[in-house]
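Close look at the chain arrangement
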Amino acid sequence: MGAGMENKVIKQISLFAENKPGRLASVANKLKSAGINIRAFTIAESGDFGIIRMVVDRSDYAHRVLHEAGFTVSETSVLGIEMEDVPGSMSKIAEVFGEANINLDYAYAFVTRDQKALLIVRVNEIEKAIKTLEESNIKLIGMKELEKI
């Protein structure tokens, strides 16, 4: 990744887990015991297994805690895009990506305490996406800023 772009990227924790009752509670309890705060998460189901994707305040530590607890876990680079929490914000970002021919692999969002929305996206060309968003005056949130939310 190009110089200066690392601070524009968020490390997302992805967990491959058996799709059964209590599995999310087990993950959440491990993070709670370690003092790690989950900022946002999504679960994608695929039959007997699922993928839990989450953004946490301390991703490297969360990865270590979950790995040591026996979970199949990985880190993925995603973007955190700040939006106004108003109708049309998502449309603007989708148009910017569409015009630049950048594909979204997946996305999920949450609202911050200061009434902003934060869109988490995985894209096919992360460096191109960063440049395109910056050229469109769309604010990216990196790990240091995420830790303060």
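As the structure is a prediction and not an experimental result, all values here were calculated from the model. (Residues numbered from 1 in each chain as written. Predicted model: local features only at pLDDT ≥ 70, side-chain atom pairs only at ≥ 80, totals over all residues. Heavy atoms only, no water.)

Packing of helix α1 (residues 23–33) against helix α2 (residues 59–68) leaves a shortest axis separation of 10 Å and a crossing angle of 125°. When the axis of α1 is compared with that of α2, the two are oblique. Crossing hand, α1 versus α2: right-handed. Of the residues in α2, those touching α1 at V27, K30 and L31 are A62, V65 and L66. When grouped by side-chain class, the residues that make up the contact of α1 with α2 number 5 nonpolar, no polar and 1 charged. (Axes fitted to C-alpha atoms, helices over the stretch in contact; angles between N-to-C directions. Helix = DSSP H or I, 4+ residues; strand = E, 2+ residues; numbered from the N terminus. Parallel < 35°, antiparallel > 145°, perpendicular 65-115°, else oblique. Left-handed = near helix turned anticlockwise from the far one by under 90°. Contact = heavy atoms within 4.5 Å. Nonpolar A, V, L, I, M, F, W, Y, C, P; charged D, E, K, R; others polar.)

The subject of this paragraph is the environment of N29. Mapped onto the elements of the fold, N29 is located in helix α1. In this structure the C-alpha to C-alpha distance between N29 and A17, which are 12 residues apart in sequence, comes to 15 Å.

What follows is about the pattern of salt bridges. Counted by the stated rule, this structure contains 5 salt bridges. Residue D60 pairs with K11 through a salt bridge whose shortest N-O separation is 3.3 Å. Taken as a pair, D60 in helix α2 and K11 in strand β1 (residues 9–18) lie far apart in primary sequence, 49 residues in all. Judged by its relative accessible area of 44%, D60 is partly exposed. Overall, K11 belongs to the partly exposed group, its relative accessible area being 32%. A salt bridge links K116 to E84; the shortest N-O distance between them is 2.4 Å. Of this pair, K116 sits in strand β6 (residues 116–123) while E84 sits in strand β4 (residues 72–84); the two residues are 32 residues apart in sequence, bridging distant segments of the chain. (Salt bridge = Lys/Arg side-chain N within 4 Å of Asp/Glu carboxyl O. Buried < 20%, exposed > 50% of the residue type's maximum accessible area, 1.4 Å probe, protein only.)

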